[in-house]
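Structural description and commentary
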Amino acid sequence: MTDDTRWPRIYALLILSQVIVVALLAILGEVFS
Amino acid sequence: MTSIDWLVLIATTLFIVLWGIFRYRGQKTMQGYLKGEDLSWPTIGLSVMATQASAITFLSVPGQAYEDGMRFVQFYFGLPIAMVVVAAVFVPIYYKMKVYTAYEYLEGRFDLRVRLFTAFLFLVSRGLAAGITIYAPAILLSSILGWPLEATSIAIGAAVVLYTVVGGSKAVSQTQKQQMLIILAGLVAAGFVACGAFPEGVGVGDALSLAGALDRVNPVDASFALSDRYNLWSGIAGGFFLSLAYFGTDQSQVGRYLGGKSVRESRLGLLFNGALKIPMQAGILFLGVLVFVVYLFAEPPVFWNQPTLEAARRAEPAVIGALEARWSEATAARKTAAEIFVAAPDDAVREAARAELVTAQAHMDSVRAEAKAAIVEAVPGAEPKDSDYIFLDFALEHLPVGLLGLLVAVILAAAMSSIASELNALGTTTTIDFHRRLARRPPDDAKTVRISKVYTILWGIFAIGFATFASLLDNLIQAVNILGSLFYGTVLGIFLTAFFLSHVRGTAVLVAAVIAEATVVTMFFATDIGFLWFNLIGCAIVMGVSLVLSPRAAARPHE
């Protein structure tokens, strides 16, 4: 498979996006508590 | 429900069932019928999501947010990491071995016993879960239509069995794509309706402040307690292991992405799920929070299960009447406090109103607890848990004509999509891992397809039967998850040992698995450890004991 090297970057991107989502949820909780 | 609601409901549901049957009927090859082959990543992604999002998700989760806030979202925090591991490690191995079920791989890696043991654990846990998956929407339908629970269980189960048996795995995946789109549309619509039900002058910001004051906006809890079901740490660690076990080793999910065109499509489908899951669950919980705010300004019933409440009123009119009068007073006090809170001209008034709100809520909680106790006493066999009815009650009261039909269709779609995957996986596993593998003369392709249809029907009948006997456990969604957790850790341990501990052989892993399962079951009954942790514990015991039983040096002492 020629695009093997792209997968780690795609995985990292997914995790990063979810960290941002969780951070936003945490902020939501902080602001409205 | 009005006739327009009925039209929407019947048209949507019938379309999906008939489309599944006629578009994908007549598949004769094992590859086409059991795997589905050639699916692209959006189909895989939506079908993976639809499999996990059962009707329970839409009945139970908003109710959970109403009572307990958004904490439950943390349960999904480990999921995206698990998606990466499944995509990177599990998918290429399954593709390389060209397996129909995840358990098939275990025979090549260990031996037949390990394959059968693991497949058996799957059949037990998933077989029971399939019953609960039918039960939840059956309650909804019986409550709306006034039909007996048995009738609605059979109606839902039979519809799913029909297209799952006729169209096989492909029909399951393709119908799930449509079901998931209907689900997402329905959720968004319900959110708008909830916001529209706020009184004049109350916006979403006010709603969040009110919900926050009453501890309903609490999605992330970073404190650590082993006995706590949902916090950041149990969500990331426990949720990771549960998701890894569910998506990596549960055939109802593995079957979804094995039907992909290529490793690439399967991977992207899984990552799609990883990206959307937390936002979607947060959205559903948020819907529950919005419903909570709607009822701050309107009197909620003291007990959400209306038929049971009616029965209690008839049995003990004086006791229940007195409690309902106190309840009305308490809700009126909370409503007044909420109105002052929203209209507060300055922080001092707002803080005073907040304190009033908290006091009124505590008063309501205590009256409700008393009412529940009185109802259980008045109606023998009544179930005190009523949070699964909250969202349903809201929908029946607030959704406009047409939308209620759509919402019921959403819940049915969600139920059918999960049941379809489960029955398909149960049928495939029974056929491939037991019947075909243990037959003296393995049946040919066409016969295997026929056998698999028979097993799918039998599992359907079993699930319907189980659904008619199930009663509301602690909470439906938690019951299914706990059930899964008792087996998942062990199954995951077997698979991770297979992938990462290459010198371990069959006997060692089998003994380790039995020890792990016994330990987990003992701990479940003897300790109060949060159930998410059992995935990690079971998995760690399997891998640890496997290692101890097969030391590299001892196996080859003189090398």
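Parameters at a glance
Residues numbered from 1 in each chain as written. Chains lettered and ligands numbered in written order. Predicted model: local features only at pLDDT ≥ 70, side-chain atom pairs only at ≥ 80, totals over all residues. Heavy atoms only, no water. Helix = DSSP H or I, 4+ residues; strand = E, 2+ residues; numbered from the N terminus. Rg over C-alpha atoms; globule rule 2.2 N^0.38 Å. Buried < 20%, exposed > 50% of the residue type's maximum accessible area, 1.4 Å probe, protein only. Contact = heavy atoms within 4.5 Å. Areas by Shrake-Rupley, 256 points an atom, 1.4 Å probe, with all protein chains shown as cover. Buried area = accessible area lost by both parts, 1.4 Å probe. Salt bridge = Lys/Arg side-chain N within 4 Å of Asp/Glu carboxyl O. Polar contact = N/O pair within 3.5 Å; in protein donor to acceptor, adjacent residues only side chain to side chain. Core = buried A, V, L, I, M, F, W, Y, C linked by side-chain atoms within 4.5 Å. 1 Å grid on protein atoms, 1.4 Å probe; cavity = no way out; pocket = protein on both sides within 12 Å on 5 of 7 lines; lining within 4 Å. Points joined across faces, edges and corners; volume = space filled by probe spheres on them. Phe/Tyr/Trp six-rings, centres within 6.5 Å; stacked < 30°, edge-to-face > 60°. Expected span 1.5 Å × (residues − 1). Bend = angle between axes of the 7 residues up to and from the residue. pLDDT = per-residue confidence, 0-100.

1. Considerations on the overall build of chain B
- Helix and strand counts for chain B stand at 22 helices and zero strands.
- Taking 24 Å as the expected radius of gyration for a compact globule of 559 residues, we find that chain B reaches 25 Å, a close match to that expectation.
- Taken across its 559 residues, chain B has 61% of its residues classed as buried.
- Sequence separation of 24 or more characterises 86% of the internal contacts of chain B that already satisfy a separation of 6 or more.

2. Some thoughts on the overall build of chain A
- A count of helical and extended segments in chain A gives one helix and zero strands.
- The principal-axis extents of the C-alpha atoms in chain A amount to approximately 50 × 5 × 5 Å.
- Counting across all 33 residues of chain A, residues that qualify as buried make up 27%.
- With the model as given, the accessible surface of chain A reaches about 2300 Å², and the carbon-plus-sulfur share is 73%.

3. Considering the interface of chain B and chain A
- Chain B puts 26 residues into the contact, and the matching count from chain A is 16 residues.
- Summed over both sides, the interface of chain B with chain A buries roughly 1800 Å², with 80% coming from carbon and sulfur.
- Sorting the residues of chain B by area buried against chain A places V84, R267 and L271 of chain B first, and these three jointly supply 23% of that buried surface.
- There are zero salt bridges connecting chain B and chain A.
- Here chain B and chain A share two residue pairs in polar contact (both at pLDDT 80 or more) between them.
- Elements represented by at least two residues in the side of chain B that touches chain A include exactly α5 (79-97), α9 (204-213) and α12 (263-294) of chain B.
- Here the side of chain B that touches chain A gets ten residues from one element, more than from any other, and that element is α12 of chain B.

4. A word on the nonpolar core
- Within the largest apolar cluster, 180 residues are counted, with the highest numbers of intra-cluster contacts made by F90, Y94, L210, V293, I494 and F495 of chain B.
- Residues contacting I494 of chain B, with those up to four places away along its chain left out, are L106, F110, V114, F117, T118, V509, A513 and V542 of chain B.

5. Concerning empty space enclosed by the protein
Residue and element names in this part refer to chain B.
- This model, assessed by the stated rule, comprises five cavities of 30 Å³ or more.
- Empty space within the second largest cavity amounts to approximately 50 Å³.
- If you trace the second largest cavity, you find it lined by Y103, L121, F122, S125, T249, D250, F487, Y488 and V491.
- For the lining of the second largest cavity, the secondary structure elements donating two or more residues are α7 (112-145) and α19 (476-500).

6. A closer look at the packing of aromatic side chains
Residues and elements named next belong to chain B.
- One pass over the full model with this rule turns up 27 aromatic pairs over all chains.
- Ring centres of Y105 and F495 lie 6.4 Å apart, and the angle between their planes is 20 degrees; this geometry places the pair in the stacked category. On the criterion of sequence distance, the pair formed by Y105 in helix α6 (residues 102-109) and F495 in helix α19 is long-range, its members being 390 residues apart.
- For Y105, a relative accessible area of 5% corresponds to the buried category.
- Classification of F495 by relative accessible area gives buried; the value is 0%.
- An aromatic cluster is defined as three or more aromatic residues linked by ring pairs; in this entry it consists of F90, Y94, Y103, Y105, F122, F495, F499 and F500.

7. Some details on unusual backbone geometry
Residue and element names in this part refer to chain B.
- Look at K98: it is not a glycine, yet its phi comes out positive at around 50 degrees.
- Along the chain, K98 turns up in the loop between α5 and α6.
- Of the residues examined, K98 reaches a relative accessible area of 64% and is grouped as exposed.
- Its identity is not glycine, yet D215 carries a phi of approximately 60 degrees, on the positive side.
- Following the sequence through the fold, D215 ends up in the loop between α9 and α10 (232-249).

8. A few points about α5 of chain B
All names here are of chain B.
- Taking 1.5 Å per residue, 19 residues should reach 27 Å; α5 reaches 25 Å between its end C-alpha atoms and fits that length.
- The principal kink in α5, of about 40 degrees, is found at V86.
- Considered for burial, the residues of α5 that qualify are L79, P80, A82, M83, V84, V86, A87, F90, V91 and Y94.

9. Looking at the environment of G63 of chain B
Residues and elements named next belong to chain B.
- If you trace the backbone, G63 turns up in helix α4 (residues 55-68).
- A C-alpha to C-alpha distance of 17 Å links G63 and L399, two positions 336 residues apart in sequence.
- Sequence-distant contacts of G63, defined by excluding residues within four places in its chain, comprise S387 and I390.

10. Brief notes about the confidence of the model for chain B
- When pLDDT is averaged along chain B, the result is 89; 96% of the residues meet or exceed 70.
- The secondary-structure element of chain B with the lowest mean pLDDT is helix α22 (residues 552-555) of chain B, recorded at 56, while α5 of chain B shows the highest, at 96.

11. Let's talk about the environment of D365 of chain B
- Position of D365 of chain B among the secondary structure elements: in helix α15 (residues 347-378).
- Each C-alpha atom of the pair D365 of chain B and Q251 of chain B lies 42 Å from the other, and the pair is 114 residues apart in sequence.

12. Remarks on the pattern of salt bridges
Residue and element names in this part refer to chain B.
- Inspection of the entire model under this criterion finds 16 salt bridges over all chains.
- For the salt bridge of R437 with E107, the shortest nitrogen-to-oxygen distance reads 2.6 Å. One end of the pair, R437, is in helix α17 (residues 403-438); the other, E107, is in helix α6, with 330 residues separating them in the sequence.
- By relative accessible area, R437 is classed as partly exposed at 31%.
- Several salt bridges share partner residues, and in doing so they unite E67, R368, K372 and D386 into one network.

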